[in-house]
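These are the residues of each chain, in order.
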Amino acid sequence: TARTPTVPASVFAVPGIQHFTRESWAERKVALITGITGQDGSYLTELLLDKGYQVHGIIRRSSSFNTSRLHHLFSEERVERLALHYGDLTDSTNLVHIISQVQPSEVYNLGAQSHVKVSFEMAEYTADVDGTGALRLLDAIRTCGLDHLVKFYQASTSELYGQAAACPQDESTPFHPRSPYGVAKLYAYWITVNYRESYGIFASNGILFNHESPRRGRTFVTRKISRAVAEISLGRQECMVMGNLDALRDWGHARDYVEGMWRVLQHTTPDDFVLASGESHTVREFIESAFGVIGRQLTWSGEGVHEVGTDDAGRVVVRVDARYFRPAEVDRLQGDAGKARRLLGWSPSVGFAELVREMVQADVASARDLIEDLN
Ligand code: NDP
Ligand code: GDR
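Please read these numbers as outputs of a predicted model, since none were measured by experiment.

### Here's the deal with helix α8 (residues 254–266)
- Helix length check: α8, at 13 residues, gives a terminal C-alpha distance of 19 Å against a target of 18 Å (1.5 Å per residue), a fit within 8%.
- For α8, the complete set of buried residues consists of A254, Y257, V258, G260, M261, W262, V264 and L265.

### Notes on the UniProt feature "domain: NAD(P)-binding" (unreviewed entry) in the protein chain
- Per the UniProt annotation, the sites labelled "domain: NAD(P)-binding" (unreviewed entry) are residues 32–359.
- Within residues 32–359, the helical portion is 37% and the strand portion 18%, while the C-alpha atoms at the span's ends are 28 Å from each other.

### Let's talk about the pairing of strand β6 (residues 106–109)
- Neither face of β6 is exposed, since E106 and Y108 on one face and V107 and N109 on the opposite face are all buried.
- In this structure, strand β3 (residues 30–34) lies alongside β6, joined through four bridges in parallel fashion. Looking at the pairing, A31 lines up with E106 of β6.
- Here four bridges tie β6 to strand β7 (residues 151–157), and the two strands are oriented parallel to one another. If you follow N109 over to β7, its bridge partner there is Q154.

### Description of the site of ligand 2
- By nearness alone, 22 residues border ligand 2, and V116, T157, V221, G243 and A247 come closest of all.
- For the shell around ligand 2, the secondary structure elements donating two or more residues are α4 (116–121) and α7 (221–233).
- Across the shell around ligand 2, the residue classes break down as nine nonpolar, seven polar and six charged.
- Residue assignment places the shell around ligand 2 across two domains, with domain 1 (11–208) and domain 2 (221–248 + 281–331 + 350–374) each supplying three or more.

### Some words on the environment of H97
- The topology assignment puts H97 in helix α3 (residues 92–102).
- For H97, a count of 15 C-beta atoms within 10 Å corresponds to the partly exposed category.
- Residues H97 and V320, 223 residues apart in the sequence, show an inter-C-alpha distance of 48 Å.

### Concerning helix α11 (residues 352–374)
- If you check α11, its first and last C-alpha atoms are 33 Å apart, about what 23 residues at 1.5 Å a residue would give, namely 33 Å.
- Considered for burial, the residues of α11 that qualify are L355, V356, M359, V360 and D363.

### Structural notes on the nonpolar core
- With 71 residues, the main nonpolar core has I99, L138, I141, F152 and L275 as its most contacted residues.
- The element best represented in this core is helix α6 (residues 180–199), accounting for eight residues.
- Among all residues touching L138, those that are not within four sequence positions of it are F152, I191, Y195, I201 and A203.
- Ranked by size, the runner-up nonpolar core spans 21 residues in total, among them A228, V229, V356 and V360.

Thresholds applied
Residues numbered from 1 in each chain as written. Chains lettered and ligands numbered in written order. Predicted model: local features only at pLDDT ≥ 70, side-chain atom pairs only at ≥ 80, totals over all residues. Helix = DSSP H or I, 4+ residues; strand = E, 2+ residues; numbered from the N terminus. Expected span 1.5 Å × (residues − 1). Buried ≥ 20, exposed ≤ 12 C-beta atoms within 10 Å, placed from the backbone. UniProt positions renumbered as here; feature names shortened; annotations may be inferred. Pairing = 2+ DSSP bridges. Near = placed C-beta within 6 Å. Nonpolar A, V, L, I, M, F, W, Y, C, P; charged D, E, K, R; others polar. Domains from an automatic or database assignment. Core = buried A, V, L, I, M, F, W, Y, C linked by C-beta atoms within 7 Å. Contact = placed C-beta atoms within 7 Å.

Okay, structure coming up:
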C-alpha cells in the first residue's frame, strides 16, 4: 500500500542525477547497507551480490583496517558491483549526500554500537547511533524525495523483549528492554513504524534473535567461547573466564538471518517480523557443546562466581568472573518465527549443534594457520 500512490505516472526524476520510469525503478536492484563491515553486513553483501544487486556500503573512517570481513570479495569479479562510502550514522549531512548519490532501492540499517554490555558504559553514544541514527537515515530518505520509492529495513532485536512476560516471544509480545542498547533499539523500532504510518515509507523491522557465525565479533559470547576452545585445544590458553552461564539465548546462523532480512523487504507490504530458531540454550550448554567438538567433556562444580568447569583430564577450563556480569540481565530469549515462516517462507537451515561445530572448527583452523605462519 505504501509504495505506489505518489510516484508520478510516467517519468520521475531523483534530484539531478538520473531519470527513471516507474518500470525501470521497479527493476532497480541497488542496496545501501549501513554496518556493511559487521558480521551481518558482510553476509548480506554476499547474498545481494549473488542476487545481482549493486551494493553500496557505509564504512567508518578508522586508523586500522575495518573491512576484513569483506576482504575475500575484493579478489572476486562481483566486487565490481560493490562500492564503499565513508560515513557515520551520527552525521546527517553525510547520510543525505550518500543517499542522493546512490539512490538506493533498498536500505538496510545494520549499523550500530551492537554490544549490550558496552552500552552500559557508553549509553549516550549508543542512543545516538542505534536510536537517533535510524531517525537520521529515515529522514535522509525523505529529504532526498525517495520516501515512496525506497524500502527500508531496520535491524531490530530480541533485546527489545528483555524481561519479557511471555515465552516464546513473537510480534505481539510487549517490549521491556534491559539495557541502554535495548532502549535505543526500542526508539529505532518505533521511529521505523512511525515513518511507515506517517509518511508511507516502506519501512520494516526485522526483530532478530541472536545469530552467530565464524565472523561474529570476538567479544560476543559464542565467539569468545569458540576462540577460547580453539586456543585451549592447541595448548595456547588454559582457561576461559566467563560471565553469566545461566542466560538462555535463541541462537541461529547469521547467513540464514540475512536471507530473512532480504525476504522482509520483498514482502508485498511493509511489516514487522520475528526471525528466530525457536530453541533456546544456556551459555553453559554452548560451552559444553563447544568442548564436545574437540572431544572433551566437562563437569561443573561450585555456584555463581565460584562455578568452574573441569575437563576429563581434571583441568579447570572455565571460570566465572563477576566483571562480565551486566547491571541488568536478559535471562531468557526464545522466539516464535511463525509469522515469517507463513508470510515470507523463511526458516533457519542451521541448528544449534551445527552452528557450534562450524564456529569451533573455523577457529581451530585459523589458530593452526597462525601457528604455521609463525613457524
Ligand atoms: P556488528 O557489531 O558485527 O556490526 C556493526 C556494524 O555497525 C559495523 O559495521 C560497525 O562498523 C557499524 N557501526 C558502528 N557504529 C557505527 C556508526 N556510528 N555509524 C555507522 N556504522 C557504525 O553487528 P552485527 O552484524 O552482529 O549486527 C548487525 C545489526 O543487527 C546491528 O544493528 C545489531 O544491533 C543488530 N542485531 C544483531 C543481532 C545478532 O545477533 N548479531 C541480533 C539482532 C539485531 P565498524 O566495523 O567500523 O565497527
Ligand atoms: P547479547 O549477546 O547480549 O545477547 O546481544 P552476547 O553474546 O554478548 O551475550 C549473550 C549472553 O551471554 C552472557 N555471557 C557473556 N556475554 C559476553 N559477551 N561475554 C561473556 O564473557 C559472557 N558470559 C556470559 C551475557 O550475559 C548474555 O546473557 C547480542 C548482540 O548481537 C546484540 O546486538 C543483539 O541485538 C542481540 O544479541 C540479539
